[in-house]
Amino acid sequence: MPMGPLVAELRSRIGNRLGARSFARQAAGSGPVPDEGIAVFFATPPQNAYQLEQWRRPLEALAAESRADRRGVFVVVDRPDTGRRLLETFRLPVAFARGSAALESLVERHRPRAVLYVNNVERNFRMLRFADPVHIQLGHGDSDKGASVTNQHKAYDLTFVAGEAGRDRLSRALFDFDARSRVWLVGRPQLDYDVQGAPDWPADGTSRVLYAPTWEGDRPSLRYSSVVSHGPALIAALRADPRVRVVYRPHPWLGRISAEHARVDRELRAALMADGDRHLVDTGTYGWQWTFADACIADVSAVAYDWLATRKPLVVTRPEAEEAYLPPSRLLDSLPLLGAAGASSIVRELLDSAPPAELAGLAEYYFGDTSRGASTNRFEQALEDAIEARAVEIAARSAG
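Residues numbered from 1 in each chain as written. Predicted model: local features only at pLDDT ≥ 70, side-chain atom pairs only at ≥ 80, totals over all residues. Heavy atoms only, no water.

Observations concerning the overall build of the chain
The test is simple: Only runs of H or I of at least four residues qualify as helices and only runs of E of at least two qualify as strands under DSSP, and these elements are numbered from the N terminus. Here the globule rule reads 2.2 Å times residues to the power 0.38, and the radius of gyration is calculated from C-alpha atoms. Throughout, exposure labels follow a simple rule: accessible area from a 1.4 Å probe, protein chains only, divided by the maximum for the residue type, with under 20% read as buried, over 50% as exposed, and the rest as partly exposed.
Check the secondary structure of the chain and you find 16 helices and 12 strands. Against the globule reference of 21 Å for 400 residues, the chain gives a C-alpha radius of gyration of 22 Å, in line with a compact fold. Principal-axis analysis of the C-alpha atoms gives the chain an extent of 65 × 60 × 45 Å. The buried share among the 400 residues of the chain stands at 50%.

Structure (structure tokens):
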């Protein structure tokens, strides 16, 4: 017998309270929340954990106990299910603060010096109301797609971007915004870490091609996905060439909005799996693909820009949706974009042509120095500089 709406609401509230208590006990085992450290505010459902996963290694390194100068780092969540997901994979303390009162108590008790954000969800404003910490937007990928530029950037004290491209992007798009002082270039520290998860494929002379389509987007301007328009012809051409092994990595949200995208994604996975273990449907960690694969096919997304730093062959698809916003972009203007009609000839373009000479210059523009460790050093130094600058401001205000 179906339960009425009142009973359903009561059960939901009880479940939430029990979930919060259960999570609080688990979180206690993740280590103490540091005082005057760096908070990462992550007020979003657990399916968005991939956003924070991109920063896991740089943040864990920042808090490593072997560092004499380490500053404590912890994550703040407002949902027990998100907290449990993070406890499974992160080696950082996780604090739970549901609602404004709990968040205020947490901030007053632990006095974070900086707060980092990896998305622009509305709940970020719950934390942004506290004036003393320096608030820094990191984002969860650096690209020229429309979602990378929003007026919400004005709400943060600083935005960290990889290179000059990120600063130029915000400077062009936003009014009354001093990008020179409020956008800092920190490189892409994710590039400095070795990531586990690559398959044990032998070096047999075949070329490993990463095809990483983005999701269909939740608005017309973000309809960049190539799964429906390019995917079937791309995968068919790659499977037909004995020189190729495919790593197919769909965006974690692919198919959540569009049933057609979900259907085609299932068909592409089934086709690749029908070839046995020759290809890989990749839903695991992100980062090992940069060194493992020999070439990349990506949509207008952060994957294309991350791959750019490898300086290996790259093909970016042209969105077939007329509503998709193609922003001013040195990368997109420098490379010929792959239309759906050319998808069937993609193997020749990838394997039989030299990478464009412009890739090295583009990598410098989007990321700066990509030598090992350079981005990590810039990121960590930028954090310290921002924290110290805020401390000076607070001291000056107190003295006045």
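A look at the pairing of strand β2 (residues 73–77)
Filter applied, for reference: Two strands form a pair only when DSSP identifies at least two bridges running between them.
Among the five residues that make up β2, five are buried, leaving the element largely enclosed by the rest of the structure. Bridge count between strand β1 (residues 38–41) and β2: four bridges; the pairing is parallel. Within β2, the position partnered with Ile38 by the bridge is Val73. With three bridges connecting them, β2 and strand β3 (residues 94–96) associate as parallel partners. By the bridge assignment for β3, Val75 is matched with Val94.

Quick notes on empty space enclosed by the protein
To keep it simple, the criterion reads: Here a cavity is any set of points on a 1 Å grid over the protein atoms alone where a 1.4 Å probe fits but cannot get out, and a pocket is any open set with protein on both sides within 12 Å along at least 5 of 7 lines; a residue lines the site when it has an atom within 4 Å of a point. Grid points are joined across faces, edges and corners, and a volume is the space filled by probe spheres set on the points. Residue polarity follows a fixed list, in which Ala, Val, Leu, Ile, Met, Phe, Trp, Tyr, Cys and Pro are nonpolar, Asp, Glu, Lys and Arg are charged, and the others, Gly among them, are polar.
This structure, assessed with the given rule, holds two cavities of 30 Å³ or more. Approximately 110 Å³ is the volume attributed to the largest cavity. If you go around the largest cavity, the residues you meet are Glu53, Gln54, Arg57, Pro58, Arg188, Gln190, Val195, Tyr286, Trp290 and Asp306. Within the lining of the largest cavity, the residues separate by chemical class into four nonpolar, two polar and four charged. Approximately 30 Å³ is the volume found for the second largest cavity.

What about the nonpolar core?
Selection criterion: Within this scheme, the nonpolar core is defined by two criteria: the residues are buried Ala, Val, Leu, Ile, Met, Phe, Trp, Tyr or Cys, and they are joined through side-chain atoms within 4.5 Å. Any two residues whose heavy atoms approach within 4.5 Å at even a single point are treated as in contact.
Among the nonpolar cores identified, the biggest contains 37 residues, and Leu308, Leu314, Val316, Leu331, Tyr366 and Phe367 are the most heavily contacted of them. Going through the elements one at a time, β8 (207–212), α11 (289–292), β11 (295–298), α12 (302–308), β12 (314–316), α13 (330–334) and α15 (359–367) are the ones with two or more residues in this core. Here the element with the most residues in this core is α15; it accounts for six residues. Contacts of Leu308, omitting those with residues within four sequence positions, involve Leu331, Leu359, Leu362, Ala363, Tyr366 and Phe367. Formed by 30 residues, the second largest nonpolar core is a distinct cluster that contains Val75, Phe90, Ala114 and Val118.

Here's the deal with unusual backbone geometry
Excluding glycine, residues mostly carry a negative phi; peptide bonds, for their part, are mostly trans. A positive phi angle, near 50°, is found at Asp176, a position not held by glycine. For Asp176, a relative accessible area of 79% translates into the label exposed. One non-glycine residue with positive phi stands out, namely Arg311, at about 65°. Tracing the backbone through its elements, the reader meets Arg311 in the loop between α12 and β12. Overall, the relative accessible area of 33% leaves Arg311 in the partly exposed class.

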